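The primary structure of each chain is shown beneath.
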Amino acid sequence: MSPVALNVSGDPGRVWRVGFEPDMWAWTPWRYATDDGLFNGRWDDQLGQFRTLYTSNSLRGCFLEMLAKLQPSEALETELDDFEDDDGSVSRHTEGGSGEVGYSWLNGRTFGDADQDGRYCFITHSDSLAALKAGYRFDRHSIALVDVDTALLKDAHDRVLTRSIAHWLYDLRDDDRNELVDGIEFRSRHGDEIRMWAVFERSDDEQRSSHIEPVSEPQRVTPETDELVQAFDLLGLRWVED
């Protein structure tokens, strides 16, 4: 019997990721945690005790998540998304809000698919929302329970809140002291059809998550990669020399 009535989804099946050579499925080295020693993904750990690997049910979803912060904006405001700029490469090779992407963004970047298993808290399900209201201390963030809804959980800007929720979920155990979930399932802010997962690093993991089994050899990302072309069209991006 679980301590909270979270909605927990089963094995995701085939997923996609965009990463870097030499191993795109490896946990991102801690030296790239640039937010005062923390990773800044929405469902990373606020205490910096574990890492998170983000996957999607579509390759196009991966590119939309990574590049949406660069779409043209008169105010030059950047958006925070969940396929994180783990090594700072987006900010180094682009200007947020300009709609421009430098070709050096492609350097060392690969994509691939994998079979993913595990148990994931579907964070915006009504059951999970009720469980969070019952068990999580929103008052620590000066948030009243009446203001807790799915919009709050989809807001990409309060990273202290969402990263703290991630740590709370990471620590949950069932009656036999087994880990309750292996990560979080959520929907992309760039399309509800895009399913995404945040996979938690556990103490017995080595270079990769035990819940990820790569299917095919990674391929290099090029300007002609179909799903990247689609993402560029949807976001109004263009390549520039850098």
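Residues numbered from 1 in each chain as written. Predicted model: local features only at pLDDT ≥ 70, side-chain atom pairs only at ≥ 80, totals over all residues. Heavy atoms only, no water.

Peer 1: Explanation requested: the packing of aromatic side chains in the structure shown.
Peer 2: Both the distance between ring centres and the angle between the ring planes are used here to describe each pair of aromatic rings. Taken as a whole and judged by the stated rule, the model has 11 aromatic pairs. For the pair Phe 50 and Tyr 170, a centre-to-centre distance of 3.9 Å together with 5 degrees between the ring planes defines the contact as stacked. Of the two residues, Phe 50 sits in the loop between strand E2 (13-20) and strand E3 (52-56) while Tyr 170 sits in helix H5 (residues 159-171), which places them 120 residues apart along the sequence. Neither Phe 50 nor Tyr 170 differs from the other in exposure class; each is buried. Note on Trp 105 and Trp 239: the rings are 6.5 Å apart at their centroids and 50 degrees apart in plane angle, and the pair reads as tilted. Of the two residues, Trp 105 is situated in the loop between strand E4 (100-102) and strand E5 (109-116) and Trp 239 in strand E11 (residues 238-240); the sequence distance between them amounts to 134 residues. Take Trp 105 and Trp 239: they sit in the same class, and that class is buried. In this structure, Arg 202 packs its charged tip against the face of Tyr 170, placed 4.0 Å from the ring centre. (Phe/Tyr/Trp six-rings, centres within 6.5 Å; stacked < 30°, edge-to-face > 60°. Helix = DSSP H or I, 4+ residues; strand = E, 2+ residues; numbered from the N terminus. Buried < 20%, exposed > 50% of the residue type's maximum accessible area, 1.4 Å probe, protein only. Lys NZ or Arg CZ within 6 Å of the ring centre and 35° of its normal.)

Peer 1: Any chance you could explain the nonpolar core here in plain terms?
Peer 2: In a soluble, globular protein the nonpolar side chains are often hidden away together inside. Of all hydrophobic cores here, the largest spans 50 residues; its most connected members are Trp 105, Ile 123, Ile 165 and Leu 169. Mapped by element, the contributors of at least two residues to this core are helix H1 (59-67), helix H3 (126-135), helix H4 (150-154), H5, strand E7 (183-188), strand E8 (191-200) and helix H6 (226-235). Not counting residues up to four positions away in its chain, the partners in contact with Ile 165 are Trp 43, Ile 123, Leu 132, Tyr 136, Phe 138 and Leu 153. (Core = buried A, V, L, I, M, F, W, Y, C linked by side-chain atoms within 4.5 Å. Contact = heavy atoms within 4.5 Å.)

Peer 1: What should I look at first to understand the pairing of E7 in this one?
Peer 2: Working note: regular strand, side chains alternate between the two faces of the sheet. Taken across its 6 residues, E7 has 6 buried, putting it largely inside the fold. Where strand E6 (residues 120-122) lies against E7, 3 bridges are found, and the strand directions are parallel. Within E7, the residue paired with Tyr 120 across the bridge is Gly 183. Relative to E8, E7 is paired through 6 bridges, and the arrangement is antiparallel. Directly across from Ser 188, in E8, lies its bridge partner Gly 191. Hairpin connection, E7 to E8: the antiparallel pair is bridged by 2 residues. (Pairing = 2+ DSSP bridges.)

Peer 1: Sorry, what's going on with the side chain of Ser 9 here?
Peer 2: Note that Ser 9 resides in strand E1 (residues 8-9). For Ser 9, the side chain forms a polar contact with the side chain of Glu 185, separated by 2.6 Å. Leaving out residues up to four positions away in the same chain, Ser 9 has contacts with Gly 118, Arg 119, Tyr 120 and Glu 185. (Polar contact = N/O pair within 3.5 Å; in protein donor to acceptor, adjacent residues only side chain to side chain.)

Peer 1: Teacher, can you tell me more about the packing of H1 against H6 here?
Peer 2: When two helices pack together, you describe them by how their axes are tilted relative to each other and by the distance separating the axes. One can describe the packing of H1 onto H6 by two numbers: an axis separation of 8 Å at closest approach and a directional angle of 45 degrees. Here H1 is positioned oblique relative to H6, judged by the angle of their axes. Here H1 and H6 pass one another in a crossing that is right-handed. Contacts between H1 and H6 involve Leu 59, Arg 60, Phe 63, Leu 64 and Leu 67 from the former and Glu 227, Leu 228, Gln 230, Ala 231, Phe 232, Leu 234 and Leu 235 from the latter. Class assignment of the residues belonging to the contact of H1 with H6 gives a composition of 9 nonpolar, 1 polar and 2 charged. (Axes fitted to C-alpha atoms, helices over the stretch in contact; angles between N-to-C directions. Parallel < 35°, antiparallel > 145°, perpendicular 65-115°, else oblique. Left-handed = near helix turned anticlockwise from the far one by under 90°. Nonpolar A, V, L, I, M, F, W, Y, C, P; charged D, E, K, R; others polar.)

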